[in-house]
Amino acid sequence: NSSNSTPYSSVQLIQAMPYGSLEKKEPFEGVRALMDAYVHGGQLPGAFGAVIKKGQTNPVFIYNSGWGNAHDPKLHGAYGEKALYRFFSMTKPIVSTVAMMFIEDGKLSLEDPVSKYISAFKEMKVLNDDGTLREAKTPMLIKHILSHTSGLQYSFFGSATLNKYYEEQELSGITPLFAHTSEEMCARIAKVPLAFEPGTHFQYGVSTDVVGRVLEVIAKEPLSKILKTKILTPLGMEDTMFHVPKELVPRVRELWYFKPGFIGDTVPFPGEEKATERGLGAPTPLESGGGGLFSTGADYLKFMRFLLDGGEYLGKRLLSEKMFDIMTKTNALPKADLFSSTRPDGYPRVKGAAYNYMGSFTVDPTVVPGSKRSAKGEFGWGGYASTYFQVDRQKGLAYVFLTQLMPSSALPIRNQFKYMVHECFDSMEARSGEARSSSQPPSSGTTTIAE
């Protein structure tokens, strides 16, 4: 942050900037202006953004600006697309995709009980509204942990009563989660009562960490090796990892957090000096399937290309069309959307969006946040440090936004980014269509009326 930044300057600028009113010097000038407003206004320490289009090898838009570095301020963003980010919950779609590959290979089933692989989950308790416990009537199934309808949660969401159980098992917050191996973590999770009967509600939480452990049990390998074999190597994602070796630590973006009242409202994250606790320079005991990956913009674009092409990458199919559709088009919630499926004390309660087996997707574009530019079936997810991606296969469009600002709810940048990407993409496609029309040879006297 520059010392002469004015608090809220970028927010004021963004609020004063009417969508669609910009004179665009390039197709995505509106996206660039939006991100510049946040970065140069001091609201974000830096950002990376990219847009890809089906059928085109290179991104149609890339943005990279800002950044010093926790370990060498002189670097100032020199790594571009190769800079490493904490992807937190954007780990989940990758792990869930590999789980679907296991299902396709016949090694796993959506209807399998979790206890088939982790016996500690065989006899679970459910927390009643009055604070008492009862025996769970419904077994927790693989489909429940893939869709966050398992009754598990994060300690910072949901009821305060239930959170105390997570604290007792040293599962409260982020850092304590990484103090345990996946086996130890699941043993502790199984001692915590469920928020509800599996399959009856949605609650975001540690479910995907349990998915990761199930994969380890089946493969008899650490999650890092499973991911490398099944998806990272086939996609050429060489810079995606749970543990960043010491020589690559300078490429890791500094983590910031939102603190209203400070110049620019963002300050360095106070836990940065404890870097080794989160996989920087030295391994952590846990390879978290729910939030442990570091990756780059360049690498995640490869994963998004795989999603945009429906389970195929550079002509090689990694997941069948049928399984891909099950993963991305199934509404795995007990009710129509996240709002109706999530209890009042739960998270996230979003109208018009449902959850499939890898992330959220739009079921009603008229009411979902950012609805003016949402398309039915568009899917994606985000991360705790304000990262975000979406895939719209109907338009042949996918986009990613990366920064390192906690928490993800601090700024409205993700919905604004989504809106502006769609607006600029639609404008680009319209102009491309006009250009193609004007380049057609004149007709031979026959008049065609367009309906």
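Up top you'll find the structure we're talking about.
In this text, all values refer to a predicted model and were calculated from it rather than measured experimentally. (Residues numbered from 1 in each chain as written. Predicted model: local features only at pLDDT ≥ 70, side-chain atom pairs only at ≥ 80, totals over all residues. Heavy atoms only, no water.)

K.L.:
Tell me about the nonpolar core, residues and numbers included.
P.N.:
Core analysis: the biggest nonpolar cluster contains 92 residues, and Phe121, Val210, Val214, Leu307 and Phe389 have the highest contact counts within it. Per element, the largest residue contribution to this core is 8 residues, and it comes from helix H3 (residues 92-104). In contact with valine 214, other than residues within four places in its own chain, are Leu108, Val114, Tyr117, Ile118, Ile142 and Ile145. Ranked by size, the runner-up nonpolar core spans 26 residues in total, among them Phe28, Leu34, Tyr399 and Phe401. (Core = buried A, V, L, I, M, F, W, Y, C linked by side-chain atoms within 4.5 Å. Buried < 20%, exposed > 50% of the residue type's maximum accessible area, 1.4 Å probe, protein only. Helix = DSSP H or I, 4+ residues; strand = E, 2+ residues; numbered from the N terminus. Contact = heavy atoms within 4.5 Å.)

K.L.:
Pulling in residues and values, what's your account of the layout of surface pockets?
P.N.:
Of the pockets and cavities examined, the largest pocket occupies roughly 1000 Å³. In this structure, the largest pocket is lined by 38 residues; those nearest its centre are Tyr347, Trp381, Gly382, Ser408 and Arg414. Classifying every residue of the lining of the largest pocket gives 22 nonpolar, 13 polar and 3 charged. (1 Å grid on protein atoms, 1.4 Å probe; cavity = no way out; pocket = protein on both sides within 12 Å on 5 of 7 lines; lining within 4 Å. Points joined across faces, edges and corners; volume = space filled by probe spheres on them. Nonpolar A, V, L, I, M, F, W, Y, C, P; charged D, E, K, R; others polar.)

K.L.:
Any details on the packing of aromatic side chains? Residues and values, ideally.
P.N.:
Summed over all chains, the structure comprises 22 aromatic pairs. Here the aromatic rings of phenylalanine 401 and phenylalanine 417 are separated by 5.3 Å at their centres, their planes lie at 50°, and the arrangement is tilted. Of this pair, phenylalanine 401 sits in strand S15 (residues 397-402) while phenylalanine 417 sits in helix H12 (residues 413-438), and the two are 16 residues apart along the sequence. Pair check on accessibility: phenylalanine 401 and phenylalanine 417 agree, each one buried. Lying across the ring of phenylalanine 102, lysine 107 places its NZ or CZ 5.3 Å from the centre. Sitting over the ring of phenylalanine 339, lysine 351 keeps its end group 5.1 Å from the ring centre. (Phe/Tyr/Trp six-rings, centres within 6.5 Å; stacked < 30°, edge-to-face > 60°. Lys NZ or Arg CZ within 6 Å of the ring centre and 35° of its normal.)

K.L.:
Go over the environment of alanine 398, please, and point to the residues and values.
P.N.:
Looking at the secondary structure, you find alanine 398 in strand S15. Look at alanine 398 and you get buried, because its relative accessible area is 0%. Spatially, the C-alpha atom of alanine 398 lies 9.6 Å from that of proline 59, the residues being 339 residues apart in sequence. The contacts of alanine 398, once residues within four sequence positions are left out, are Ala50, Val51, Ile52, Met304, Leu308, Gln390 and Val391.

K.L.:
Quick rundown of the side chain of threonine 284? Include the residues and the values.
P.N.:
Looking at the element boundaries, threonine 284 is found in the loop between strand S7 (266-268) and strand S8 (294-296). Here leucine 286 takes part through its backbone oxygen, which lies 2.8 Å from a polar atom of the side chain of threonine 284. (Polar contact = N/O pair within 3.5 Å; in protein donor to acceptor, adjacent residues only side chain to side chain.)

K.L.:
Outline helix H10 (residues 321-329), listing residues and values.
P.N.:
An α-helix turns once every 3.6 residues. As a result, residues three or four positions apart point the same way. The complete set of buried residues in H10 reads Met323, Phe324, Met327 and Thr328. Taken down its axis, H10 places every buried residue within 120° of arc, on the same side. In H10, the exposed positions angled more than 90 degrees off the buried face are occupied by Glu321, Lys322 and Lys329. Residues of H10 that are buried make contact with H3, helix H9 (297-308), strand S12 (360-362) and strand S13 (379-382). (Arc of directions from axis to C-beta.)

K.L.:
Break down helix H7 (residues 207-219) for me, citing the residues and quoting the values.
P.N.:
Between its first and last C-alpha atoms H7 spans 19 Å; for 13 residues at 1.5 Å apiece the expected length is 18 Å, and the two agree. Counting buried positions along H7 gives 11 out of 13 residues, so the element sits mostly inside the fold. Among the residues of H7, Ser207, Thr208, Asp209, Val210, Val211, Gly212, Arg213, Val214, Leu215, Glu216 and Ile218 are the ones counted as buried. Against the buried residues of H7 lie H3, helix H4 (142-147), helix H6 (182-189) and helix H8 (223-235). Lysine 220 lies just past H7 and shows a positive phi near 60°. (Expected span 1.5 Å × (residues − 1).)

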